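Remarks on the overall topology
Read off the chains here:
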4 protein chains.
Amino acid sequence: MSLRVGVIGTGMIGQDHIRRLTKVLQGVEVVAVNDIDENRATAIAPEGAKVFTSVKELIHSETVDAVVICSWGAAHEEQLLECIAAGKPVFCEKPMVISEESALKVLAAEVAYGKRLVQVGFMRRFDADYRRLKAVIDGGTLGTPLMYHSTHRNPSVPEGLYTSDMPLNDTLVHDADISRWLLSDEIDAVEVRVPRRSTRGGELRDPTIVLLHMASGAIVDVEISVNIAYGYDIRGEVSCELGVAALPNRPATVISDQHGIRQAIPEDWRERFIEAYDQEFREWIAAASAGTATGPSAWDGYAATLTADAALRAVTSGQREPIKRISKPDLYN
Amino acid sequence: MSLRVGVIGTGMIGQDHIRRLTKVLQGVEVVAVNDIDENRATAIAPEGAKVFTSVKELIHSETVDAVVICSWGAAHEEQLLECIAAGKPVFCEKPMVISEESALKVLAAEVAYGKRLVQVGFMRRFDADYRRLKAVIDGGTLGTPLMYHSTHRNPSVPEGLYTSDMPLNDTLVHDADISRWLLSDEIDAVEVRVPRRSTRGGELRDPTIVLLHMASGAIVDVEISVNIAYGYDIRGEVSCELGVAALPNRPATVISDQHGIRQAIPEDWRERFIEAYDQEFREWIAAASAGTATGPSAWDGYAATLTADAALRAVTSGQREPIKRISKPDLYN
Amino acid sequence: MSLRVGVIGTGMIGQDHIRRLTKVLQGVEVVAVNDIDENRATAIAPEGAKVFTSVKELIHSETVDAVVICSWGAAHEEQLLECIAAGKPVFCEKPMVISEESALKVLAAEVAYGKRLVQVGFMRRFDADYRRLKAVIDGGTLGTPLMYHSTHRNPSVPEGLYTSDMPLNDTLVHDADISRWLLSDEIDAVEVRVPRRSTRGGELRDPTIVLLHMASGAIVDVEISVNIAYGYDIRGEVSCELGVAALPNRPATVISDQHGIRQAIPEDWRERFIEAYDQEFREWIAAASAGTATGPSAWDGYAATLTADAALRAVTSGQREPIKRISKPDLYN
Amino acid sequence: MSLRVGVIGTGMIGQDHIRRLTKVLQGVEVVAVNDIDENRATAIAPEGAKVFTSVKELIHSETVDAVVICSWGAAHEEQLLECIAAGKPVFCEKPMVISEESALKVLAAEVAYGKRLVQVGFMRRFDADYRRLKAVIDGGTLGTPLMYHSTHRNPSVPEGLYTSDMPLNDTLVHDADISRWLLSDEIDAVEVRVPRRSTRGGELRDPTIVLLHMASGAIVDVEISVNIAYGYDIRGEVSCELGVAALPNRPATVISDQHGIRQAIPEDWRERFIEAYDQEFREWIAAASAGTATGPSAWDGYAATLTADAALRAVTSGQREPIKRISKPDLYN
């Protein structure tokens, strides 16, 4: 009784998800693929999977129970709406969409449908370290969380391809989503502060400091450094009324040698989050098999879009940019 | 093309393995079960699996591609020999067998068969932390390993059920196997030293210190404390010519509160090694699907039996007890 | 050839300094004391020390080589000017003074004198952990420092006595001074953000987040939590172009018990900084014996005052409050 | 009222102690020096100190209140007996003496004197980390200590000068003394095990494993690696009935760079124990000023000698070598 999945987008991310859907995870079968580049879709398609030249046909095909969207961000809106129209559970890679308008359309469609169908690819929520951190906060032994210090360090970004907006509308969204989730909160306003520039990125505006003002009054500060060379280093520390809870070091061998007593740091995001990606799909498969979706919702995708937009306004204005949200539909409570 | 598996023994361990084979892992299907207690076998059997009253019938059934042995240790020898006779890959929980004589029979049978069929359940070899540790040692940057300090701490053992021999013939075998594997070495002799007793175990001889004298000259010291209350704490540190490599803390949230800055320690062996159990089966499924076996072999099961026997002699004699091994058959190189 | 020291102010801080000057440190002798409360001065005065009823007389006494000021902040200006007039080296506890105007007078007097005489009590600069951290930054292997994350957590503050201004004009000054020193930089502007309040302090505005905008463009963020219960926890992490350097845990025994694997956190500032206090005086004694001063200067005291004032403006205005400094006199380069 | 000290032996250790007695510590004055090499004594002698050509004259001089012995080990016995005869408190560097016979003479003399005069230079007892560790054990929260794992790693030893006996009769004594002190116990027997040799020391027998069988039944295992290159790394972990207590990492800056997240390890014993040396003298000065001695006693020096002798017998015999002690005189209780 495998979940029969159609994958839209067979680029790097799509290939990685196809790999985990075919070789790693249970109860699932990739039966259909589509890509703007038909040759690539054909090359990537697992054995037995049909290559669809039409996204619409793939989505509506009787052979497809659920859909995975790994296409170009601008294409997500249309594809999501089509999935909802077809009543099919859909996993959508970030960004869910690339404008507030698109997000509102997706929300409206899903609310009209009356059941959750969309899970957005904010994989950190499925990371064991983050889950343990949330459990500690939710346990309440440390009191109310008041501040969250998030650190997002990347060894390097491809020059030219990675532009100065991307720390705010691409990289930041993970820290924003995880802040909302860890603190069970919403982001009411964004401030951006730009320190002296790292010389490693040429003209790239890097690093960046972002302040997320939460609805509860808690404040999140995010350090985003995208060219810091030494590794892919994700840190988080919640400062509560009675104590502090933080992510641990990654479990590397403790070596004592001429460099001291040390542990390796992940080199890239794949190394750091591979299990989280597996787990977000593991849970998606279970929900989709029941005809619905759990995990990060279209509301979370909407919140991410609003935050990215506010951050882009804030870095220009230097001001505290408020976020205006619609009322949260019951479907997402 | 799932591997069709028959499971012998549906007690606690057997149930846990059936769970991972049906709910966690890919490419496998439990089609047959057997247990001395037929009612329990029937209750545990997954949907669609047939309950075999005869172990022999299960093993030789055409519907069974490979076998998992989780029965009482004394029954392993016969069941392993039957699997080899049937030419079927078999995963056998520790202890592979319970006597040197039995081990030699299994080795002879498998060698005669001419291909590896047996994988023994020494799951630590599949633990990510241990694998990273071995990679560091094998990488050679720290020079030759000279000493290995292994620590095996258990919060408690069931009074009465766990006897004074068990630290040496049950608990020790994991440290012995991992020492041989980490150091790519054999155990030539065993010494046992008994410190003052922990009052937490009544008459139980606990803790114990074991010295494993490796063929290379390296020495392994093992602390075995089975009633240490605070947690299930497995440690390992390899002291080489140029440096040291050790297992890290488990990745728990770093909490700062009235107890200090701290990380939780696993409560039991399941919590600590659940991924290793999944991984050992993941790799067994792959090998068995190809009609063979990889991972810990019958030779490793034989070595474990010899080590346990030598340890039991050593704790009584107070002497250094040598281990006499047969020549290692080519099949295991 | 002991340095003969006169101490002004024999309250808690003064007593502690007298203790270290008489029992811990070398080459120094407390020969004179003064306090507004003459009885207390008499009770505290070490054997052989003379109690002066007049601060002026103490400062100008031929028996006094150097002066230690531990009096009420408002009294510091006059006492410092008197020491400079007398040409005597003087250690002055923080705050050096309590207004910008007073700071400018002290600077002018010392510059006119032509030699440094004033050392201000910013003891963190003498802490071994902070010194090692600065050495790493100054070593340049991590590239230019771009951000500094400072954390100042206090278990509790005396209700009523500790008011909502004090995180900014009392607690913050240490983080401000250490930022200037670690980054070899000046503070150009201050922003203050107020998260949701901790319920542990009643009406006290706590915690607070302060952003220090450095002249170089580096940004320092400071978390100040004064009632966080669990301990006195001082943290600092410098994020540079190529890596990160941070203060370590304090060297407590690593205990593994029912609370996990843990290290104790200091209970208060004395426990945390006692060696730093000893060291700042050790070096003051050496400099004062040579008729001058080293370490934190009147310029640093001035900068601290400006920062505190800017922080108080910022918490009210919600704006980025610039700091206007006079040109730095050569004396302080 | 300074303690007037005479120092016998102005080699490297003697010079270091003279440095701390003149520049670091309070309440003490070096008034006399002696060395076999009179020129060296003259060169090293602090200002105002008299160079004595005769050890006996120095010891008995009215200008000398207390004596520090840093001479060649073989000379200690005579010098200690002379100090006791003169009724003068004496700090004696390790080894207290170099034979059991000598130790018995010193004990007899001090016992006859009726008051403690001798403090032996086992500085680890004054190290803050070890003191915290002992406090945890003595506090009893972890139950009775059953095993102690001691690690003594040295980056290198001077080839030729450092011989194969020295791990056992020189290096080991610190671990032996600290074991007796931490566990409040005596060593009843010694076993030595020799792993495969490190290639870094040529013919040097290194590393070594020593088992100390304590009177209580607790067992101490000591890893001694004298050429391990990476640093001077001293570790200790006490395994008790209910938990474990261990020495922490040394407080180095936590650096995150291309080598991982790391802390430096001390390069040599001076770096590691400099504060302990200061503290052992600080306390010696206080005791000697009261005409007596505290800290490690002649009994502890005797125990160290017995342990070293037993270890040398054990490495040759391969047997468990018992230690025969005289009854402990009341003076040392």
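Quick caveat: nothing in here was measured; it's all calculated off a predicted structure.

**Considerations on the overall build of chain A**
Tallying secondary structure elements over chain A gives 9 helices and 15 strands in all. In terms of C-alpha radius of gyration, chain A reaches 20 Å, essentially the compact-globule figure of 20 Å for 333 residues. Once the C-alpha set of chain A is aligned to its principal axes, its extents read approximately 55 × 50 × 45 Å. Split into buried and exposed, the 333 residues of chain A put 61% on the buried side. Here the contacts in chain A between residues at least 6 apart in sequence split such that 72% fall between residues at least 24 apart.

**Observations regarding the relation of the copies chain A and chain C**
Of the transformation placing chain A onto chain C, the axial shift is 0.0 Å and the rotation is 180°, giving an RMSD of 0.0 Å. Given the turn and translation reported, the copies of this chain are related as if by a two-fold rotation axis. Mapped onto chain C, 100% of the interface residues of chain A again fall at the interface, so both copies present the same surface.

**As for the relation of the copies chain B and chain A**
Expressed as a screw transformation, the operator carrying chain B onto chain A has a rotation angle of 180° and an axial translation of 0.1 Å, and the superposed copies differ by an RMSD of 0.0 Å. With an isologous cut-off of 70% or more, the 100% of interface residues of chain B that recur at the interface of chain A puts this contact in the isologous class.

**Here's the deal with the UniProt feature "domain: GFO/IDH/MocA-like oxidoreductase" (unreviewed entry) in chain A**
UniProt's feature table lists "domain: GFO/IDH/MocA-like oxidoreductase" (unreviewed entry) at residues 130-244 of chain A, given in the numbering used throughout. Taken end to end, residues 130-244 of chain A is 24% helix and 34% strand, and its two terminal C-alpha atoms sit 14 Å from one another.

**Some remarks on the packing of helix H7 (residues 166-183) of chain C against helix H9 (residues 298-317) of chain C**
Residue and element names in this part refer to chain C. Interhelical geometry of H7 versus H9 gives an angle of 125° and a closest axis separation of 9 Å. Accordingly, the angle class assigned to the pair H7 and H9 is oblique. Crossing of H7 against H9: the hand is right-handed. Where H7 abuts H9, its residues Leu168, Asn169, Leu172, Val173, Ala176, Asp177 and Arg180 lie against Trp299, Asp300, Ala303, Ala304, Thr307, Ala308, Ala311, Leu312 and Val315. When grouped by side-chain class, the residues that make up the contact of H7 with H9 number 11 nonpolar, 2 polar and 3 charged.

**Brief notes about the pairing of strand E1 (residues 3-8) of chain B**
Residues and elements named next belong to chain B. With 5 of 6 residues buried, E1 is to be regarded as a mostly interior element. As paired strands, E1 and strand E2 (residues 28-34) are joined by 6 bridges and run parallel to one another. Residue pairing for E2: Gly6 is matched across the bridge by Ala32. Crossover handedness for the path E1 to helix H1 (residues 12-24) to E2: right-handed. Here 4 bridges tie E1 to strand E4 (residues 66-69), and the two strands are oriented parallel to one another. Bridge pairing in E4 places Ile8 opposite Ile69.

**Description of the packing of aromatic side chains**
Tallied over the full model, the rule gives 27 aromatic pairs over all chains. Ring centres of Phe91 of chain C and Trp284 of chain C lie 6.1 Å apart, and the angle between their planes is 70°; on these two criteria the pair is classed as edge-to-face. Here Trp284 of chain C lies in helix H8 (residues 269-289) and Phe91 of chain C lies in strand E5 (residues 90-92), a separation of 193 residues in the sequence. Grouping residues by exposure puts Phe91 of chain C and Trp284 of chain C together as buried. A cation sits over an aromatic face here: Arg272 of chain A above Phe273 of chain A, 4.4 Å from the ring centre. Between the NZ or CZ atom of Lys50 of chain B and the centre of the ring of Phe52 of chain B, over which it lies, the distance is 4.6 Å.

**Looking at helix H8 (residues 269-289) of chain B**
Residue and element names in this part refer to chain B. Taking 1.5 Å of rise per residue, 21 residues should cover 30 Å, and H8 covers 29 Å from first to last C-alpha, within 8% of that figure. Taken together, the buried positions of H8 are occupied by Arg272, Phe273, Ala276, Tyr277, Asp278, Gln279, Glu280, Phe281, Trp284, Ile285, Ala287 and Ala288. By the N-cap criterion, in which a side-chain oxygen at the helix start approaches the backbone nitrogen of a residue two or three places on, H8 is capped by Asp268, the distance to Arg270 being 3.1 Å.

**Focus on the interface of chain B and chain A**
Chain B puts 26 residues into the contact, and the matching count from chain A is 26 residues. For the pair chain B and chain A, the two sides together bury roughly 1,800 Å², of which 52% comes from carbon and sulfur. Our count for the contact surface shared by chain B and chain A stands at 0 salt bridges. There are 14 residue pairs in polar contact (both at pLDDT 80 or more) connecting chain B and chain A. Class assignment for the residues of the side of chain B that touches chain A results in 16 nonpolar, 6 polar and 4 charged. Two strands pair when backbone bridges link them, and strand E12 (residues 244-246) of chain A and strand E13 (residues 254-257) of chain B are joined in this way by 3 bridges, in the antiparallel orientation. Across the sheet, the residue bridging to Ala245 of chain A is Ile255 of chain B, located in E13 of chain B.

The rules behind these values
- Residues numbered from 1 in each chain as written.
- Chains lettered and ligands numbered in written order.
- Predicted model: local features only at pLDDT ≥ 70, side-chain atom pairs only at ≥ 80, totals over all residues.
- Heavy atoms only, no water.
- Helix = DSSP H or I, 4+ residues; strand = E, 2+ residues; numbered from the N terminus.
- Rg over C-alpha atoms; globule rule 2.2 N^0.38 Å.
- Buried < 20%, exposed > 50% of the residue type's maximum accessible area, 1.4 Å probe, protein only.
- Contact = heavy atoms within 4.5 Å.
- Least-squares fit on C-alpha atoms with pLDDT ≥ 70 in both.
- UniProt positions renumbered as here; feature names shortened; annotations may be inferred.
- Axes fitted to C-alpha atoms, helices over the stretch in contact; angles between N-to-C directions.
- Parallel < 35°, antiparallel > 145°, perpendicular 65-115°, else oblique.
- Left-handed = near helix turned anticlockwise from the far one by under 90°.
- Nonpolar A, V, L, I, M, F, W, Y, C, P; charged D, E, K, R; others polar.
- Pairing = 2+ DSSP bridges.
- Right-handed = clockwise from strand over helix to strand, strands pointing away.
- Phe/Tyr/Trp six-rings, centres within 6.5 Å; stacked < 30°, edge-to-face > 60°.
- Lys NZ or Arg CZ within 6 Å of the ring centre and 35° of its normal.
- Expected span 1.5 Å × (residues − 1).
- Polar contact = N/O pair within 3.5 Å; in protein donor to acceptor, adjacent residues only side chain to side chain.
- Buried area = accessible area lost by both parts, 1.4 Å probe.
- Salt bridge = Lys/Arg side-chain N within 4 Å of Asp/Glu carboxyl O.

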